[in-house]
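Fold and geometry: a report
Chain by chain, the residues:
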Amino acid sequence: MTARNLFLLPGDGIGPEAMDEVRKIIAYMNEAMNAGFVVGEGLVGGSAYDAHGAAISEDDMKKALAADAVLFGAVGGPKWDSVPYEVRPEAGLLRLRKDLELFANLRPAICYPALASASSLKPELVEGLDILIIRELTGGVYFGEPKEIIDLGNGQKRGIDTQVYDTYEIERIAGVAFEMARTRQNRVCSMEKRNVMKSGVLWNQVVTETHKAKYSDVQLEHMLADAGGMQLVRQPKQFDVIVTDNLFGDMLSDVAAMLTGSLGMLPSASLGAPDGKTGKRKALYEPVHGSAPDIAGKGVANPIAMIASFAMCLRYSFNLVKEADDLEKAIANVLDKGIRTADIMAEGARKVGTVEMGQAILAEFKTLSA
Ligand SMILES: NC(=O)C1=CN([C@@H]2O[C@H](COP(=O)(O)OP(=O)(O)OC[C@H]3O[C@@H](n4cnc5c(N)ncnc54)[C@H](O)[C@@H]3O)[C@@H](O)[C@H]2O)C=CC1
Ligand SMILES: CC(C)CC(=O)C(=O)O
Ligand SMILES: [Mg+2]
């Protein structure tokens, strides 16, 4: 069997704690299922800055580019608040996304039945929630130039970020959204702010044209992104697939995370375009949450977003669909049994730490896959 090359970048804060629980699942799959994962590991974020003075080394970038899939924990934290902007921890993640051309970020927000009461919304609003946010990841204001602070010479400074989108960037992310919708409820809601942004006008036009040209079987709706945020907390189940830009997608997916009970629940997959010859796509899998400095090192972080990101990796990078389904089912079963980390704790449930939650999911996964 050909090797499956995984490159692990645990990062900072709770990243390494959550990644340790995935490592155990990988080890089990290699031993018991002969999965053939070959695991490399590198540094990213603040830990890479401390070691090399850069948010990711050239050597680790090469390894990430060569891997079948990258598993990423989280980066950042107050320790690195005053490092130069170019080498801040988050720059490592942005470089990975850009250099691997991971333009499509899939952020599913699923409310597990057992967690309906852990959401900040009423249980009936989130029970059965299953939405997929598709965030454009390599364009927009996170990457547009100019991006600088200039001195105006009169005691004032000007901070500039530039929102830029070209037709091809909108076309390809819209294509991903329509394709994904066809495997679900066949509905896409595109969000932008065409009422105030030129890039929003173009986004709206290109999504509409792409729909007309190739995907007219899919139901398409347009919504202004601010109203979209409001609708996400008013009536989240109205959505199936949401497609939006880099900044709005970042914000709306954090909002969607809370519908599911906690930011510690939301996984994501960042995918590139399929290679013309092999059909393989570059991919990075990471939780939606950050390094959570407030709880790092305490052993209380919820590892589910990281483990569910690995489930997405099994599905999208290795086509191990049964294994991905089993791992997701294992998470659901553990939650059904009332096992909870602090962020999703409920009355009558059993409170556990990161390691126990990881162990419980692995035990369930072993039973399901036996
Ligand atoms: N992909 C990444 O690596 C990201 C990194 N960041 C960085 O992380 C650092 C902290 O940012 P914050 O705004 O505090 O966002 P955060 O996502 O790290 O934390 C927000 C809140 O959610 C909680 N939380 C997050 N993940 C959790 C988990 N798995 N289990 C239990 N609770 C969890 C935290 O304890 C905190 O109260 C910053 O340096 C930021 O730039 C932020 C978002 C994404
Ligand atoms: C570069 C990241 C820290 C931005 C972010 O919050 C995210 O991608 O979710
Ligand atoms: Mg974010």
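This text goes with the structure placed above it.
Now for a quick tour of the structure. Since the model is a prediction, treat every value here as computed from it, not as a measurement.

It is worth spelling out the sheet that holds strand β4 (residues 104-110) at this point. Taken in spatial order, the 10 strands of this open sheet run β2-β1-β3-β12-β11-β4-β5-β10-β8-β9, and their pairing is mixed. A strand with exactly one partner marks an edge of an open sheet, and here the two such strands are β2 (37-41) and β9 (219-224). On average, each strand axis in the sheet is tilted by 25° relative to the strand beside it, whichever way the strands run. As judged from the 3 bridges shared by β4 and strand β11 (residues 269-271), these two strands associate in the antiparallel manner. From the neighbouring strand, Ala104 faces β11, where its bridge partner is Leu271. On top of the sheet, helix α8 (residues 225-234) reaches β5 (130-136), β8 (187-192), β9 and β10 (241-244); it is set at about 105° to β9, its chief contact.

Turning to the site of ligand 2, a few remarks are in order. What surrounds ligand 2 is the set Glu90, Leu94, Arg97, Arg107, Arg135 and Asp250. In this structure, Arg97 approaches ligand 2 through a side-chain N or O atom, which is 2.8 Å from an oxygen atom. Take Asp250: an N or O atom from its side chain is 3.0 Å from an oxygen atom of ligand 2. Within the complex, 74% of the 280 Å² of free accessible area of ligand 2 lies under protein.

Inside soluble globular proteins, nonpolar side chains tend to come together where they are buried. The biggest cluster of nonpolar side chains holds 68 residues, and the ones touching the most others in it are Leu6, Met29, Phe37, Leu71, Leu106, Ile134 and Phe310. Per-element tally for this core: the top contributor is helix α10 (residues 304-316), with 9 residues. Counting 22 residues, the second largest nonpolar core, distinct from the first, contains Ala109, Leu129, Ile131 and Phe239.

What counts and what doesn't
Residues numbered from 1 in each chain as written. Chains lettered and ligands numbered in written order. Predicted model: local features only at pLDDT ≥ 70, side-chain atom pairs only at ≥ 80, totals over all residues. Heavy atoms only, no water. Pairing = 2+ DSSP bridges. Helix = DSSP H or I, 4+ residues; strand = E, 2+ residues; numbered from the N terminus. Axes fitted to C-alpha atoms, helices over the stretch in contact; angles between N-to-C directions. Contact = heavy atoms within 4.5 Å. Near = heavy atom within 4 Å. Polar contact = N/O pair within 3.5 Å; in protein donor to acceptor, adjacent residues only side chain to side chain. Areas by Shrake-Rupley, 256 points an atom, 1.4 Å probe, with all protein chains shown as cover. Core = buried A, V, L, I, M, F, W, Y, C linked by side-chain atoms within 4.5 Å. Buried < 20%, exposed > 50% of the residue type's maximum accessible area, 1.4 Å probe, protein only.

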